[in-house]
Amino acid sequence: MDTVKLPKYLQPKYSFKKIRVGKKYDGGYVAPLLAIKKSESLISFGMYDDWSFEKHFSKLNKKINIFVYDGSVNFFFWIKYYIKNFILLIRLKIELNNFIKSFFKIFDYYIFFNKKKILHIEKFVTSPDKKISNINKKITLNQIFNNTPIKNVFLKIDIEGNEYRILNDILKYKNKIECMVIEFHNFDLMQKKIKNFLKKFNLCIVHTHVNNYGRITQKETPTVIELTLSKKSYCKSKINKNFKLPILNLDFPNNPRTPDFKIKFI
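A brief report on the enclosed structure follows. (Residues numbered from 1 in each chain as written. Predicted model: local features only at pLDDT ≥ 70, side-chain atom pairs only at ≥ 80, totals over all residues. Heavy atoms only, no water.)

### Re the nonpolar core
- Within the largest apolar cluster, 43 residues are counted, with the highest numbers of intra-cluster contacts made by Ile-43, Phe-45, Ile-170 and Met-180.
- Filtering out sequence-adjacent residues up to four positions away, Met-180 remains in contact with Leu-155, Ile-157, Ile-170, Phe-197, Phe-201, Leu-203, Leu-227, Thr-228 and Leu-229.
- Within the second largest apolar cluster, 32 residues are counted, among which are Val-21, Tyr-29, Phe-154 and Cys-235. (Core = buried A, V, L, I, M, F, W, Y, C linked by side-chain atoms within 4.5 Å. Buried < 20%, exposed > 50% of the residue type's maximum accessible area, 1.4 Å probe, protein only. Contact = heavy atoms within 4.5 Å.)

### Regarding the sheet that holds strand E12 (residues 203-210)
- Strand order in this open sheet of 7 strands is E7-E6-E5-E10-E11-E13-E12, and the pairing throughout is mixed. Looking at which strands have only one partner, the edges of the open sheet turn out to be strand E7 (118-121) and E12. The mean angle between the axes of side-by-side strands here comes to 10°, regardless of whether they run parallel or antiparallel.
- Where strand E10 (residues 153-157) meets strand E11 (residues 177-184), 5 bridges bridge the pair, whose relative direction is parallel. For Leu-155, the partnering residue across the bridge sits in E11 and is Met-180. (Pairing = 2+ DSSP bridges. Helix = DSSP H or I, 4+ residues; strand = E, 2+ residues; numbered from the N terminus. Axes fitted to C-alpha atoms, helices over the stretch in contact; angles between N-to-C directions.)

### Here we look at the packing of helix H3 (residues 75-90) against helix H4 (residues 96-112)
- At their nearest, the axes of H3 and H4 sit 9 Å apart, and the two run at 170° to each other. One finds that H3 runs roughly antiparallel with respect to H4. Mapping the contact onto sequence places Trp-78, Tyr-81, Tyr-82, Asn-85, Phe-86 and Leu-89 in H3 and Leu-96, Phe-99, Ser-102, Phe-103, Lys-105, Ile-106 and Tyr-109 in H4.
- By residue class, the composition of the contact of H3 with H4 is 10 nonpolar, 2 polar and 1 charged. (Parallel < 35°, antiparallel > 145°, perpendicular 65-115°, else oblique. Nonpolar A, V, L, I, M, F, W, Y, C, P; charged D, E, K, R; others polar.)

### Regarding a positive patch on the surface
- Side chains of Lys-37, Lys-59, Lys-62 and Lys-115 sit close together on the surface and give a patch of like positive charge.
- Inspection of the secondary structure puts Lys-59 in helix H2 (residues 52-60). (Patch = residues over 30% accessible without salt bridge, like charges linked within 9 Å, V, L, I, M, F, W, Y side chains within 5 Å. Areas by Shrake-Rupley, 256 points an atom, 1.4 Å probe, with all protein chains shown as cover. Salt bridge = Lys/Arg side-chain N within 4 Å of Asp/Glu carboxyl O. Lys, Arg positive; Asp, Glu negative; His and termini not counted. Charge placed at Lys NZ, Arg CZ, Asp CG, Glu CD.)

### Details of the environment of Asn-85
- By the secondary structure assignment, Asn-85 is in helix H3.
- Overall, the relative accessible area of 11% leaves Asn-85 in the buried class.
- Those residues in contact with Asn-85, other than ones at most four positions away along the chain, are Ile-94, Phe-99 and Ser-102.

### Some remarks on the pattern of salt bridges
- For the structure on display, the rule yields 8 salt bridges.
- In this structure, Lys-5 engages Glu-220 in a salt bridge whose closest nitrogen and oxygen atoms are separated by 3.2 Å. Taken together, the positions of Lys-5 in strand E1 (residues 3-6) and Glu-220 in the loop between E12 and strand E13 (225-231) put the pair 215 residues apart, joining distant regions of the chain.
- Overall, Lys-5 belongs to the partly exposed group, its relative accessible area being 28%.
- Using a relative accessible area of 34% as the deciding quantity, one classes Glu-220 as partly exposed.
- Between Glu-122 and Lys-137 there is a salt bridge whose closest N-O contact spans 3.9 Å. Of this pair, Glu-122 sits in the loop between E7 and strand E8 (124-125) while Lys-137 sits in the loop between E8 and strand E9 (138-139), and the two are 15 residues apart along the sequence.

### Focus: H4
- Over its 17 residues, H4 runs 24 Å from end to end, which matches the ideal 24 Å to within 8%, given 1.5 Å per residue.
- What H4 keeps buried is the set Phe-99, Ser-102, Ile-106, Tyr-109 and Phe-112.
- For H4, the secondary structure elements touched by its buried residues are H2, strand E6 (65-69), H3 and E7. (Expected span 1.5 Å × (residues − 1).)

### A closer look at the pairing of E1
- Of the two faces of E1, the one lined by Val-4 and Leu-6 is fully buried and the one lined by Thr-3 and Lys-5 carries no buried residue.
- In this sheet, strand E15 (residues 262-265) lies alongside E1 in parallel orientation, the contact comprising 4 bridges. Opposite Val-4, over in E15, you have Ile-263 as the bridge partner.

So, in structure tokens, the structure goes:
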């Protein structure tokens, strides 16, 4: 297992019962079980073809309200999705059983998002000043939090680099957030912005993971990282001195074809 280097401020300092939510590889995140149980709403930004996190979350907290925001997933998305997978099949790039799984994915989508309290909103979450071609496809955090009586929120953010556009908006509603899992892209270039955000945020880091789909720089710095942040009221017991990341049987590589990265905090 190769080692990567991360700054000390990203090192978790507290320990409590954690669980992996979602599938083993890309799309699954490690989170505190207590925060999951106490959350009233799961607000998720970014989905594509994977809602394993939201699906598992709904089983762990049966009273949860789930709002998934992703403007890219619609009827035309599924048409292109099937054409792409069919081409991969005839080119022998994917196996038949994987193609069959992709074929039935749309049925799973409609079954899951047809449930009470579970909604997929076909909009992109962005900052108020961000311009997109279709204004009806855009929504801001201000609209999400102000237009509905949302509190005790579990926030999941995986929006491929656009997370930096909404960090200031997240700070406005930090007192409503129980826990947050977020994927930071271009970490090597955005360290200062991430550090400033974490200083102003009132949640503490409880888990850190390196996404092995991202490249590693010459300085052994990962370019994509995943953080779990939780309310300080949950952060009571200090972690063991021998604590190491990744955690066996809890962390898994995003890309299953290559090993996970061991993290050294410096």
